[in-house]
Amino acid sequence: MFPRCCVVCGGPAKALCARCGDELHRLGEPRCERCGAPTAWPVERCRECSGRRIAFATARAAVAYDDAARLFVAAWKERGLRKLAEVAAELVCEVVPRPRSYTLTFVPADPNRRLDRGHNPAERLALEIGARWELPVAPLLARSHGVAPQRGLPLAERRRNVRGVFEATGNAPGTLVLVDDVYTTGATVSAAATSLRKAGARRVEVVTFARAVR
Ligand SMILES: [Zn+2]
Ligand SMILES: [Zn+2]
């Protein structure tokens, strides 16, 4: 079921009212070609990603992870309103060009937290995007162990926290789209992309619903 009020402003609307939907800040061009950060003009590397070892080729997101997007994601993830994945997928397909890669995969849920919520937002988002782009979705990753929550940790610790946490469950195709709900520092998707590349992927393109903007 869709929530009966807007998850951002609380007004009467199915899930997200038109005004709040319009006000979500789209991350279109210009952007950093590599990490997708919004920039003043198109660049191949930006202040945020230059000098960083990143296992994915590109990252793209639909909206900035600002206060409104945070309320949306909280309702989707913490309150378990699964249907919001459909709204998120619509926004992704509105903003992010359909990638060249064929197969979609997703960041697997932390098993501890998956029990709490009973669903994996990244998986559901990948399925909804796959339906719209008419691309297959393959589960290719598993978590080898749970991780401490990433929230509030600095980048170096986030990287250490997620290192070795993902394992590919089989061979990965040569090019892939990796879907997650939120891109914060890129540490999680980079760790996941590392495992996909060890399993045979040469190019991993990351797509998320929201992205932190500094
Ligand atoms: Zn609203
Ligand atoms: Zn960048």
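The structure under discussion appears in the preceding block.
Residues numbered from 1 in each chain as written. Chains lettered and ligands numbered in written order. Predicted model: local features only at pLDDT ≥ 70, side-chain atom pairs only at ≥ 80, totals over all residues. Heavy atoms only, no water.

**Q** Honestly, the coordination of the zinc ion (ligand 1) in this entry has me stumped. Any pointers?
**A** Six octahedral donors around a metal ideally sit at 90 or 180 degrees from one another, while four tetrahedral donors ideally sit at 109.5 degrees. At the metal site, the zinc ion (ligand 1) is ligated by Cys6 (SG), Cys9 (SG), Cys17 (SG) and Cys20 (SG), and these contacts range over 2.3 Å. Given four donor atoms and angles of 101 to 117° at the metal, the environment of the zinc ion (ligand 1) is assigned as tetrahedral. Between consecutive donors of the zinc ion (ligand 1), the numbers of intervening residues give the motif C-x2-C-x7-C-x2-C. Taken as a pair, cysteine 6 in the segment before helix H1 (18-23) and cysteine 20 in helix H1 lie far apart in primary sequence, 14 residues in all. A single burial state applies to cysteine 6 and to cysteine 20, both of which are buried. (Donors = N, O, S within 2.8 Å, 3.2 Å for Na, K, Ca; no water. Tetrahedral: all angles 85-135°; square planar, octahedral: opposite > 155°, others 65-115°. Helix = DSSP H or I, 4+ residues; strand = E, 2+ residues; numbered from the N terminus. Buried < 20%, exposed > 50% of the residue type's maximum accessible area, 1.4 Å probe, protein only.)

**Q** Looking at this structure, how should I read the pattern of salt bridges?
**A** Note on pairing: side chains with opposite charge can pair once their charged atoms come close. Under the criterion given, the structure shown has 11 salt bridges. With its nearest N and O atoms 3.2 Å apart, the salt bridge here joins arginine 60 to glutamate 33. Residue arginine 60 is located in strand S1 (residues 58-64), and its partner glutamate 33 is located in the loop between H1 and S1; the two are separated by 27 residues in the primary sequence. Look at arginine 60 and you get buried, because its relative accessible area is 12%. Across the salt bridge formed by aspartate 181 and lysine 77, the nearest N and O atoms sit 3.3 Å from each other. You can see aspartate 181 sitting in strand S5 (residues 175-183) and its partner lysine 77 sitting in helix H2 (residues 67-78), a full 104 residues away along the chain. (Salt bridge = Lys/Arg side-chain N within 4 Å of Asp/Glu carboxyl O.)

**Q** What's the story with the packing of H2 against helix H3 (residues 84-95) in this structure? I'm lost.
**A** Any two packed helices are characterised by the angle at which their axes cross and by the distance between the axes. At a minimum axis distance of 9 Å, the contact between H2 and H3 shows a crossing angle of 140°. By the criterion of interaxial angle, the relationship of H2 to H3 is oblique. Facing Phe72, Ala75 and Trp76 of H2, the residues of H3 in contact are Leu84, Ala85, Val87 and Ala88. Residues of the contact of H2 with H3, tallied by class, amount to seven nonpolar, no polar and no charged. (Axes fitted to C-alpha atoms, helices over the stretch in contact; angles between N-to-C directions. Parallel < 35°, antiparallel > 145°, perpendicular 65-115°, else oblique. Contact = heavy atoms within 4.5 Å. Nonpolar A, V, L, I, M, F, W, Y, C, P; charged D, E, K, R; others polar.)

**Q** Would you take a moment to explain the coordination of the zinc ion (ligand 2) for this structure?
**A** Within the protein, Cys32 (SG), Cys35 (SG), Cys46 (SG) and Cys49 (SG) serve as the donor atoms for the zinc ion (ligand 2), at 2.3 to 2.4 Å. Coordination at the zinc ion (ligand 2) is tetrahedral, judged from the four donor atoms that bind it and the angles of 97 to 116° they form at the metal. In primary-sequence terms, the residues that donate to the zinc ion (ligand 2) follow C-x2-C-x10-C-x2-C. With a gap of 14 residues between them, cysteine 35 in the loop between H1 and S1 and cysteine 49 in the loop between H1 and S1 connect regions that are remote in the sequence.

**Q** Please clarify how unusual backbone geometry should be interpreted in this entry.
**A** Note on backbone geometry: most residues besides glycine have negative phi, and most peptide bonds are trans. Geometrically, the link from glutamate 29 to proline 30 is a cis peptide bond, its omega value of -5° lying close to zero. Mapped onto the elements of the fold, proline 30 is located in the loop between H1 and S1. One non-glycine residue with positive phi stands out, namely alanine 15, at about 75°. Note that alanine 15 resides in the segment before H1. Positive phi is not limited to glycine here, since glutamate 134 has a value of about 55°. Within the element layout of this structure, glutamate 134 appears in the loop between helix H5 (121-133) and strand S3 (141-143).

**Q** Even after reading the chapter, I still don't get the pairing of S5, so can you show me in this structure?
**A** A regular strand carries its side chains on alternate faces of the sheet. In terms of residue burial, S5 counts as a mostly covered element, since eight of its nine residues are buried. Examined bridge by bridge, strand S2 (residues 103-106) and S5 share four bridges and lie parallel to one another. Among the inter-strand pairings, phenylalanine 106 is bridged to a residue of S5, identified as valine 179. With eight bridges joining them, S5 and strand S6 (residues 203-211) adopt parallel strand pairing. Directly across from leucine 178, in S6, lies its bridge partner valine 206. Taken together, S5, helix H7 (residues 187-198) and S6 form a β-α-β motif whose crossover is right-handed. (Pairing = 2+ DSSP bridges. Right-handed = clockwise from strand over helix to strand, strands pointing away.)

Note that all results are geometric; they support no functional claim without further evidence.
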